[in-house]
Structures are given as C-alpha cells and as structure tokens.
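Report on the structure
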Amino acid sequence: MSECIFCKIIAGLIPAQKVFENEDMLIIKDINPQAKIHYLLLPKEHYANIIEMTEEQAVKLGKCLKTLSQIANDLGLQGGFRLVSNKGTDARQTVGHLHIHILGGQLLSDKMA
Ligand code: AMP
Ligand code: ZN
C-alpha cells in the first residue's frame, strides 16, 4: 500500500465521511471545509494530478464529473457550486492524488476563491 492518504481512504484503511461511491470514484466530505458545503471527488485510480492522467483516465474523470454535478444538484446545490482541482505547489495542492473539490454555498476562506 502506498503512503497516499486518499488511497488509504479508498481502501477503507482510514475513516472518512463518504457521500457517494461507485466503481470509479469516491466522494467524501473535506476534513477542513473551505465552504459551507465542501466535498472531494477522489478517482479510485491513483495519479498525482491532471497532467499525469492517461486519456482513459480522463474519459473516466469526465463521466465522474457529470455524476458528481448531478449529485451536487440533488443534494441541494441547485443555487450553484464550483469545481476546483489544484495542480502543484504554486496552486497549493497538498495531497498528491488527483481530487476535485466541490464547493457550495458561502466560501469560508479565500483559499479556493
Ligand atoms: P489540496 O490542497 O487541493 O491538495 O486539497 C486537499 C484537501 O484534502 C484539503 O482540502 C484537505 O482538507 C483535505 N483532506 C486532507 N486529508 C483529509 C482526510 N483525511 N479526509 C478528508 N479530507 C482530507
Ligand atoms: Zn493515491
């Protein structure tokens, strides 16, 4: 098992508040929310960031984003939400397993603005 914290969450080795799961992705609540609603989409395959993913992984991620957006809508974010993926240290990426932030409602800091 790699030292990747998100791989450990996906494997069930570290607890997380799961919102949704299918064969390709897991959606969890962010442990340190930056908005009123802050979830993380974790692709189950490990790759560090959007540059490192393969074409096949890109297709899967696109499908996950569509599902995620529908779930967000169904969870009551019809008023709007933003999808954010930080790539690299200059963008303040802190976990090296690609993830998409979904933020709804009022932002609680300027980190994701
Ligand atoms: P980033 O800075 O874009 O790499 O985002 C990483 C996100 O992962 C941050 O918003 C953290 O709060 C979140 N995070 C780190 N560890 C955990 C964890 N164990 N469970 C849920 N969220 C986490
Ligand atoms: Zn990982």
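Up top is the structure.
These notes cover the structure that comes with them.

Quick notes on the rules
- Residues numbered from 1 in each chain as written.
- Chains lettered and ligands numbered in written order.
- Predicted model: local features only at pLDDT ≥ 70, side-chain atom pairs only at ≥ 80, totals over all residues.
- Heavy atoms only, no water.
- Helix = DSSP H or I, 4+ residues; strand = E, 2+ residues; numbered from the N terminus.
- Rg over C-alpha atoms; globule rule 2.2 N^0.38 Å.
- Buried < 20%, exposed > 50% of the residue type's maximum accessible area, 1.4 Å probe, protein only.
- Near = heavy atom within 4 Å.
- Polar contact = N/O pair within 3.5 Å; in protein donor to acceptor, adjacent residues only side chain to side chain.
- Areas by Shrake-Rupley, 256 points an atom, 1.4 Å probe, with all protein chains shown as cover.
- Donors = N, O, S within 2.8 Å, 3.2 Å for Na, K, Ca; no water.
- Tetrahedral: all angles 85-135°; square planar, octahedral: opposite > 155°, others 65-115°.
- Pairing = 2+ DSSP bridges.
- Axes fitted to C-alpha atoms, helices over the stretch in contact; angles between N-to-C directions.

**Let's talk about the overall build of the protein chain**
When you go through the protein chain residue by residue, the secondary structure sums to two helices and five strands. Helices and strands in the protein chain line up, N terminus first, as α-β-β-β-α-β-β. Taking 13 Å as the expected radius of gyration for a compact globule of 113 residues, we find that the protein chain reaches 13 Å, a close match to that expectation. Along the three orthogonal principal directions, the C-alpha set of the protein chain runs to about 35 × 30 × 30 Å. Scored against the burial criterion, the 113 residues of the protein chain give a buried share of 37%.

**Some points on the site of ligand 1**
Close contacts around ligand 1 come from 17 residues, with Asp 30, Asn 86, Arg 92, Thr 94 and His 101 the closest. Between ligand 1 and Ile 31 there is a distance of 3.2 Å, counted from a nitrogen atom to a backbone nitrogen or oxygen. A total of 500 Å² of accessible area belongs to ligand 1 in isolation, and the protein chains cover 89% of it. Those elements that provide at least two residues to the shell around ligand 1 are helix H1 (5-10) and strand E2 (25-29).

**Overview of the coordination of the zinc ion (ligand 2)**
Taken together, the protein ligands of the zinc ion (ligand 2) are Cys 4 (SG), Cys 7 (SG), His 46 (ND1) and His 97 (ND1), with distances of 2.0 to 2.3 Å. In this structure, the zinc ion (ligand 2) is surrounded by four donor atoms whose angles at the metal cover 104 to 118 degrees, and the resulting shape is tetrahedral. Mapping the donors of the zinc ion (ligand 2) onto the primary sequence gives the spacing C-x2-C-x38-H-x50-H. One exposure class covers both Cys 4 and Cys 7, and it is buried.

**Some details on the sheet that holds E2**
Across the sheet, which stays open at both edges, the five strands sit in the order E1-E2-E3-E5-E4 with antiparallel pairing between neighbours. Looking at strand neighbours, the two that pair on one side only are strand E1 (18-21) and strand E4 (81-84), the edges of this open sheet. Pairwise comparison of adjacent strand axes, ignoring direction, gives a mean angle of 20 degrees for this sheet. Pairing between strand E3 (residues 35-43) and strand E5 (residues 100-107): six bridges, direction antiparallel. Each bridged residue has a counterpart across the sheet, and for Leu 40 the counterpart in E5 is His 101.

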